[in-house]
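# Examining the three-dimensional arrangement
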Amino acid sequence: MSKGIIGIEIELEKSSRIAKITPSKELKEYFDKEFGKTPHYYLKRFIGIKNYNIGMDAINKAKSNAIPKEIKQSCKYCNGLSNDENDKDCQKYHIQMSMTFLLASSEFINIVHKHRHIYDNKKVLAKLTQNFFRCFAFDNRIGKMYFDLDKICRYVLSSGFISTSEMFAKSESLQNLKVINQTLNNIEDRDLQNKTLNNEDEDYLELQKEFFENKQRFYKERIFLKKEENNILKVDSKKKPKSISIPKYVLYYYYLQATGYHPYFENHPQGKVVGISELIKKEKINTTPKYFQIKYNHISNHKTNRIALNQVSNISFLINKMLNNYPKAKELALSELKLAQTKNK
């Protein structure tokens, strides 16, 4: 990207005129085929026809206002005193400003096509094209249009930063960090080459370096924080007790009731079902009173259902984890565990 101001000025000798040559149909078709689409075609695609028309209207109005007053006053064609286009004293100024616009828009379109990540981001591209129209200035003393290349290059750089940030946001942090590291390495190589050859920095390498260093710091911290978060989750998962199954809860309260640590559900003033319901709610046990009662009746009404091989792991869990503060209940559980372990052997 080159910096500076561009503006075309046509110099004519006094009494000289600009001749207008209308190309033949065949010649026009040849130029259209040979040179392809005009800058106006791309500007319309970049920004949309409606916004393109608004931008061009503003440019054309500024071009008209930039023609020196004395030229406007003396122009026979503009004042309706002649229909001969050779009497258009303002023609030179219109042409030189149109040529400046053509040159500027061609340069702008080339820049956009070289930055694919901007071209593919329609929202960013539309905003950048709006800023393209803001890079023109006019001198009404000499009827000249100027285009600020430095300004448009900075707009391009800003658009590139925005579109790159959006691309990073859609990718994995580690992959982004790889891209950033490679890009920083390339920037530093180019900067060193400029310093070695005493070349001017035309690519705003310091700004690019600052942008990618900020991104590098951000994604390094994100990866670090993610790693720490995963470590915390691992520790928490180890500390968090395993969920207790309903059969274990049922056995637990049976042993407490059988050894006098907890009243029987049947002794509740409002009956067994209410007693179970209140227990479940108080202890936040994730089940229904109906299911709890079925499992409770299964082991309390028939001793053989309690002293069974399929109950060994449940009774062992209670002995090791839940009955340490209830010695009588633990003793009962130990005795039944021995019976369950030897059953059917």
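Residue positions are given per chain, counting from 1 as you read along its sequence in written order. The predicted origin of the model limits local features to residues at a pLDDT of at least 70 and limits the giving and counting of side-chain atom pairs to 80 or more, whereas totals for whole chains, interfaces and linings rest on all residues. Where side-chain values are given, they derive from all heavy atoms of the structure, hydrogens and water being excluded.

Attention now goes to a negative patch on the surface. On the surface, Glu188, Asp189, Glu206, Glu210 and Glu213 cluster together into a negatively charged patch. By definition, any uninterrupted DSSP run of H or I lasting at least four residues is a helix, any uninterrupted run of E lasting at least two residues is a strand, and each is numbered from the N terminus. The set of elements that each furnish at least two residues to the negative patch consists of helix H9 (173-197) and helix H10 (205-239). A total of three residues in the negative patch trace back to one element, the largest contributor, which is H10. Within the secondary structure layout, Glu213 lies in helix H10. Given a relative accessible area of 31%, Glu213 falls into the partly exposed group. A residue counts toward a patch only above 30% relative accessible area and without a salt bridge, and it is joined to like-charged neighbours within 9 Å or, for Val, Leu, Ile, Met, Phe, Trp and Tyr, to nonpolar neighbours within 5 Å. Surface accessibility follows the Shrake-Rupley procedure with a 1.4 Å probe radius. Residue values consider only the protein chains on display as shielding. In what follows, salt bridge is the name for a side-chain nitrogen of Lys or Arg lying within 4 Å of a carboxyl oxygen of Asp or Glu. Positive charge is attributed to Lys and Arg, negative charge to Asp and Glu, and no charge count is given to His or to the chain ends. By convention, the charge on Lys lies at NZ, on Arg at CZ, on Asp at CG and on Glu at CD. Whether a residue is buried, partly exposed or exposed follows from its accessible area with a 1.4 Å probe, protein chains only, as a fraction of its type maximum: under 20%, in between, or over 50%, in that order.

Attention shifts here to the pairing of strand S3 (residues 144-148). Pairing between two strands is assigned when DSSP locates at least 2 bridges connecting them. Here two bridges tie strand S1 (residues 5-6) to S3, and the two strands are oriented antiparallel to one another. Within the sheet, the bridge partner assigned to Ile5 lies in S3 and is Asp148. Two strands pair when backbone bridges link them, and strand S2 (residues 136-139) and S3 are joined in this way by four bridges, in the antiparallel orientation. Its bridge partner being in S3, Phe138 is matched across the sheet by Met145. Where S2 folds back on S3, the antiparallel hairpin that results is connected by four residues, among which Gly143 adopts a positive phi of roughly 60°.

Turning our attention to helix H7 (residues 122-133). Expected helix span is taken as 1.5 Å per residue step, with the number of steps being one fewer than the number of residues. The end-to-end C-alpha separation of H7 is 17 Å, in line with the 16 Å expected for 12 residues at 1.5 Å each. Of the residues making up H7, those classed as buried are Val124, Leu125, Leu128, Thr129, Asn131, Phe132 and Phe133.

Let's shift gears to the packing of aromatic side chains. Each Phe, Tyr or Trp ring (for Trp, its six-membered ring) is paired with any other whose centre lies within 6.5 Å, and the angle between the two planes then decides the class: stacked below 30 degrees, edge-to-face above 60, tilted in between. The full count for this structure, using the stated rule, is 22 aromatic pairs. Each ring, one from Phe46 and one from Tyr119, has its centre 6.1 Å from the other, and the planes form 80°; the classification is edge-to-face. Separated by 73 residues along the polypeptide, Phe46 in helix H2 (residues 39-47) and Tyr119 in helix H6 (residues 116-119) bring together distant segments of the chain. For Phe46, a relative accessible area of 5% puts it in the buried group. For Tyr119, a relative accessible area of 11% corresponds to the buried category. Residues Phe218 and Tyr219 carry aromatic rings whose centres are separated by 4.8 Å and whose planes lie at 80° to one another, so their mutual orientation is edge-to-face. Given the relative accessible area of 39%, Phe218 is considered partly exposed. Clustering of aromatic rings is evident, with ring pairs tying together Tyr41, Tyr42, Phe46, Phe101, Phe108, Tyr119, Phe132, Phe133, Phe136 and Phe147. Stacked on the ring of Tyr119, the Lys or Arg Lys122 has its end atom at 4.5 Å from the ring centre. Here the guanidinium or amino end of Lys248 rests over the ring plane of Phe317, the centre of that ring lying 5.2 Å away. Criterion for a charge above a ring: Lys NZ or Arg CZ within 6 Å of the ring centre, and within 35 degrees of the ring normal.

Okay, unusual backbone geometry next. Although it is not a glycine, Asn198 sits at a positive phi angle of roughly 60°. Note that Asn198 resides in the loop between H9 and H10. Residue class for Asn198 comes out exposed when judged on its relative accessible area of 72%.

Another aspect to go through is the packing of helix H3 (residues 49-66) against helix H5 (residues 91-114). Closest axis-to-axis distance for the H3/H5 pair is 10 Å, and the angle between their directions is 145°. You can see that H3 and H5 cross each other, and the crossing is right-handed. On H5, the residues that touch Met56, Ile59, Lys63 and Ala66 of H3 are His94, Met97, Ser98 and Phe101. Charged means Asp, Glu, Lys or Arg here, nonpolar means Ala, Val, Leu, Ile, Met, Phe, Trp, Tyr, Cys or Pro, and polar covers whatever is left, Gly included. Partitioned by chemical class, the residues of the contact of H3 with H5 number five nonpolar, two polar and one charged. An axis is simply a line fitted to the C-alpha atoms; with a helix, the fit covers only the stretch in contact. Between two such axes, the angle follows the N-to-C directions and lies from 0 to 180 degrees. Handedness of a crossing is defined here by the sense of rotation of the near helix relative to the far one, left-handed for an anticlockwise turn of less than a right angle and right-handed for a clockwise turn. In what follows, a contact means two residues having at least one pair of non-hydrogen atoms within 4.5 Å.

So, on to the sheet that holds S2. Spatially, three strands are ordered S1-S3-S2 in an open sheet, and the strand pairing comes out antiparallel. Looking along the sheet, the strands with just one partner apiece sit at the ends: S1 and S2. Each of S2 and S3 is contacted by H3, which is oriented at about 20° to S2, the strand it contacts most.

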